[in-house]
Amino acid sequence: MKNLLKIAMTLLASVMLSTSCGVNGEDSEVYTTMATVVESIYSSSPYYIVFDDGKTSAVENYSKWSPTFPEGVNELRYIISYEILDEKLPGYDNYIRIVSTTHVTSRLLEYVTAENFTGDKGLQNYTGGTKVDVVMLSDALNYITLMVYYQGENSYTVPEIRLVCNQPETSPYKDLYVENDGYLYLELYYNDAANKGNMELGTFVSYKTSDVKGILNNYKGIKFISINPTTNQPEVFTHNFHPEQ
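Residues numbered from 1 in each chain as written. Predicted model: local features only at pLDDT ≥ 70, side-chain atom pairs only at ≥ 80, totals over all residues. Heavy atoms only, no water.

A. Main features of the overall build of the protein chain. Counting its regular elements, the protein chain contains two helices and 14 strands. For the protein chain, the proportion of its 245 residues judged to be buried stands at 47%. When contacts within the protein chain are restricted to residue pairs at least 6 apart in sequence, those whose partners lie at least 24 apart make up 69%. (Helix = DSSP H or I, 4+ residues; strand = E, 2+ residues; numbered from the N terminus. Buried < 20%, exposed > 50% of the residue type's maximum accessible area, 1.4 Å probe, protein only. Contact = heavy atoms within 4.5 Å.)

What follows is the structure, given as structure tokens:
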């Protein structure tokens with residue numbers, strides 16, 4: 001996962017935390033991975049970490065970094081670099097010291113109908129191109145995380161990229177659906193109205209779902225349909241759960 005941090009540093013703003021020289025005064029190995037920061041109900045710490053492999057961690061230096069949870073939101077997605085401490089805390093798999101954090105935009109996976117393609121805010125207005133490059137699924141807290149590329153004027157404007165579950169009869173890409181092929185079809189829509197430009201940009205986006213384990217058990221993979229930002233033509237990105245098969 002070390003390459004994940006390298007990619008993230010080039011795509012997103014990172015928050016570096018001042019730390020000691022390492023665990024027990026020595027240089028310590030720093031790990032980097034995707035994780036969810038979960039708001040805590042306990043007064044001892046305002047949050048804890050759930051990694052995408054399901055392991056949980058309390059944070060030793062939580063007072064040096066305190067992310068803001070919007071009203072009604074108790075989960076935030078981040079790429080986290082951290083050291084593992086020798087000490088163990090009851091109820092957690094690990095006790096960690098955070099070295100740096102990189103925010104990852106999170107949205108909901110939407111289930112849409114024909115009504116979602118009407119009106120000023122309808123998906124028919126999402127005409128920007130975007131393509132999927134990396135797919136990561138976690139059933140720990142039910143997230144599908146994508147690394148996507150798109151075109152824009154700058155990398156500071158958070159792209160409005162929606163991931164939806166549609167039906168072939170509703171979809172503008174119905175000709176790309178293959179009946180009973182064992183794949184879950186999802187469509188990616190990008191609204192570039194706030195950031196028009198020709199620069200190729202990339203970012204991670206996490207989409208909260210209801211049942212990642214069910215997706216993994218019931219499908220052999222996911223096919224993502226989107227408009228390619230270079231050709232402006234629809235394309236399908238196939239992510240197989242078991243590539244060796």
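B. Molecular detail of the sheet that holds strand β13 (residues 221-227). Read from one edge to the other, the open sheet built from five strands follows the order β7-β10-β11-β13-β14, with strand pairing classed as mixed. Here the strands that pair on one side only, and so sit at the sheet edges, are β7 (110-111) and β14 (234-240). Alignment of β13 against β14, held across seven bridges, turns out to be antiparallel. Each residue of the ladder has a partner; that of I222, found in β14, is H239. (Pairing = 2+ DSSP bridges.)

C. Examining the packing of aromatic side chains more closely. One pass over the full model with this rule turns up nine aromatic pairs. When the ring of W65 is compared with that of Y78, the centres are 4.9 Å apart and the planes differ by 85 degrees; the resulting orientation is edge-to-face. With W65 in the loop between β4 (56-59) and β5 (75-84) and Y78 in strand β5, this pair connects stretches of sequence that are 13 residues apart. Each residue in the set Y31, F51 and Y82 is aromatic and connected to the rest through ring pairs, giving one cluster. The ring of Y143 has R77 sitting right over it, with the charged end atom 4.3 Å from the ring centre. (Phe/Tyr/Trp six-rings, centres within 6.5 Å; stacked < 30°, edge-to-face > 60°. Lys NZ or Arg CZ within 6 Å of the ring centre and 35° of its normal.)

D. Seen up close, unusual backbone geometry. For N180, which is not glycine, the phi dihedral falls at a positive 55 degrees. Note on placement: N180 falls in the loop between β10 (160-165) and β11 (183-191). Given the relative accessible area of 74%, N180 is considered exposed. Even without a glycine there, the phi angle at N232 is positive, about 60 degrees. Residue classification places N232 among the exposed positions, given a relative accessible area of 52%.

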